[in-house]
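# What the coordinates show
Below are the chains, spelled out letter by letter.
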Amino acid sequence: MRGDYHVHSSYCDGKDTPTDMARRAWELGMESLGFSGHSFLPFSSSWCMSPERTKAYIREVLMLKEEYRGRMPVFLGLEQDLLSGPVPEGLDYAIGSVHFVADGTGYGPVDHCREESLRLLRETFGGDRDAFAEEYFGQMCRLPSLGAQIVGHFDLLTRYDEDGPALFDPDSFRYRKAALTAVDVLAEAGMIFEINAGAMVRGRRTVPYPDSRWLVRVREKGGRILLSGDCHSAATLGDGVRLAAEYALYCGFRETWVPVGEGNLDPRPLENE
Ligand SMILES: [Zn+2]
Ligand SMILES: [Zn+2]
């Protein structure tokens, strides 16, 4: 079974310890497993790892790397928020993500809850949803500066679009232009786009990120993908990866990329899912 490399543990907002997650991955017969704890943010966020917790997280993952050596490669990664700055050295890989937009006085989260997204839309963007999208995708265009190999949940801002009247219109001219520009910038920088089925597995959405409109463009640009479940518990490990693989095939991809250590990723065929 394929591995998952977008995996959170109890060191950030996940349910189980890395040790429990690795045991589950081994039981499932995963080819490898990568941890991607949330990077520290300079402002308080309960779902991120403090500097102390980051150290403990690294210790535990490195211990697991030794424990499973020769049986199931375990990789040390981070989900590095754009606001955390460049990726630290010594990781096997990093997922670069944008979780915030500037709101005038600080930063507002785009994936906290529908009410918060509505508040940002109203107070920061004066109800102009395309302006919100332009700000978000403008931040995405800055991801190459982090030094991360992978682009996290490309259109995360649409997270609450299925919970009621859609907050965004991906078919509008300005939204399309902002999203397509971001795809081009990130693909040209050589970044790998994750197909993230996490919200789908948790029953919050009916499609993975990114929307197929943008994935088709990724393919046209010769861009690469990585399958992810954005997993937060041992019980659901692997579920998102299967869904993401199905979606990738449907969007025309024939290979996916997996971390192999020390910043490198290798291709794997997608045919036999
Ligand atoms: Zn994220
Ligand atoms: Zn995540």
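Analysis parameters
- Residues numbered from 1 in each chain as written.
- Chains lettered and ligands numbered in written order.
- Predicted model: local features only at pLDDT ≥ 70, side-chain atom pairs only at ≥ 80, totals over all residues.
- Helix = DSSP H or I, 4+ residues; strand = E, 2+ residues; numbered from the N terminus.
- Rg over C-alpha atoms; globule rule 2.2 N^0.38 Å.
- Buried ≥ 20, exposed ≤ 12 C-beta atoms within 10 Å, placed from the backbone.
- Contact = placed C-beta atoms within 7 Å.
- Pairing = 2+ DSSP bridges.
- Expected span 1.5 Å × (residues − 1).
- Arc of directions from axis to C-beta.
- Core = buried A, V, L, I, M, F, W, Y, C linked by C-beta atoms within 7 Å.

A count of helical and extended segments in the protein chain gives eight helices and ten strands. A compact globule built from 273 residues should have a C-alpha radius of gyration of about 19 Å, and the protein chain, at 18 Å, falls within 12% of that. Summarising its shape, the C-alpha atoms of the protein chain cover approximately 55 × 40 × 35 Å along the three principal directions. Per-residue burial over the protein chain gives 47% buried out of 273 residues. For the protein chain, the proportion of contacts with a sequence separation of at least 24, taken over those separated by at least 6, is 69%.

Moving on to the sheet that holds strand E3 (residues 93–97). Read from one edge of the open sheet, six strands run E1-E2-E3-E6-E7-E8, paired in parallel fashion. Every interior strand has two partners, whereas the edge strands, strand E1 (33–38) and strand E8 (224–228), have only one. Inspection of the sheet shows strand E2 (residues 74–81) paired to E3 by five bridges, in the parallel sense. Bridged to Leu78 within E3 is Ala94.

Across the six residues of strand E10 (residues 264–269), zero count as buried, placing the element largely on the outside. In textbook terms, the turn of a hairpin is the stretch between consecutive antiparallel strands, and for strand E9 (residues 255–261) and E10 this stretch comprises two residues, one of which, Glu262, has a positive phi near 50 degrees.

What follows covers the pairing of E8. Buried residues dominate E8, accounting for five of its five residues. Burial along E8 is two-sided: Arg224, Leu226 and Ser228 and Ile225 and Leu227, pointing in opposite directions, are all buried. Both strand E7 (residues 192–196) and E8 contribute to a ladder of five bridges, which runs parallel. In the sheet register, Ile192 faces E8, and the bridge partner there is Arg224.

Working note: α-helix, 3.6 residues per turn, so residues spaced by three or four point in the same direction. With 16 residues, helix H5 (residues 173–188) extends 22 Å from end C-alpha to end C-alpha; this agrees with the ideal 22 Å at 1.5 Å per step. By the burial criterion, the buried members of H5 are Tyr175, Ala178, Ala179, Ala182, Val183, Leu186 and Ala187. Along the long axis of H5, the arc covered by the buried residues comes to 155 degrees, so they all point the same way. Of the exposed residues in H5, the ones pointing more than 90 degrees away from its buried face are Phe173 and Glu188. Where H5 is buried, its residues meet helix H4 (129–140), strand E6 (150–151) and helix H7 (212–220). Positioned one or two residues after H5, Gly190 has a phi angle of 85 degrees, which is positive.

Core analysis: the biggest nonpolar cluster contains 79 residues, and Tyr136 and Ile225 have the highest contact counts within it. The dominant element in this core, judged by the number of residues it contributes, is H5, at seven residues. Contacts of Tyr136, omitting those with residues within four sequence positions, involve Val98, Val101, Val110 and Leu157.

Let's shift gears to H4. Between its terminal C-alpha atoms H4 stretches 17 Å, which fits the 16 Å expected from twelve residues at 1.5 Å a residue. For H4, every residue scored as buried is listed here: Phe132, Ala133, Glu135, Tyr136, Phe137, Gln139 and Met140. For H4, the elements touching its buried residues are strand E4 (100–102), helix H3 (114–123) and H5.

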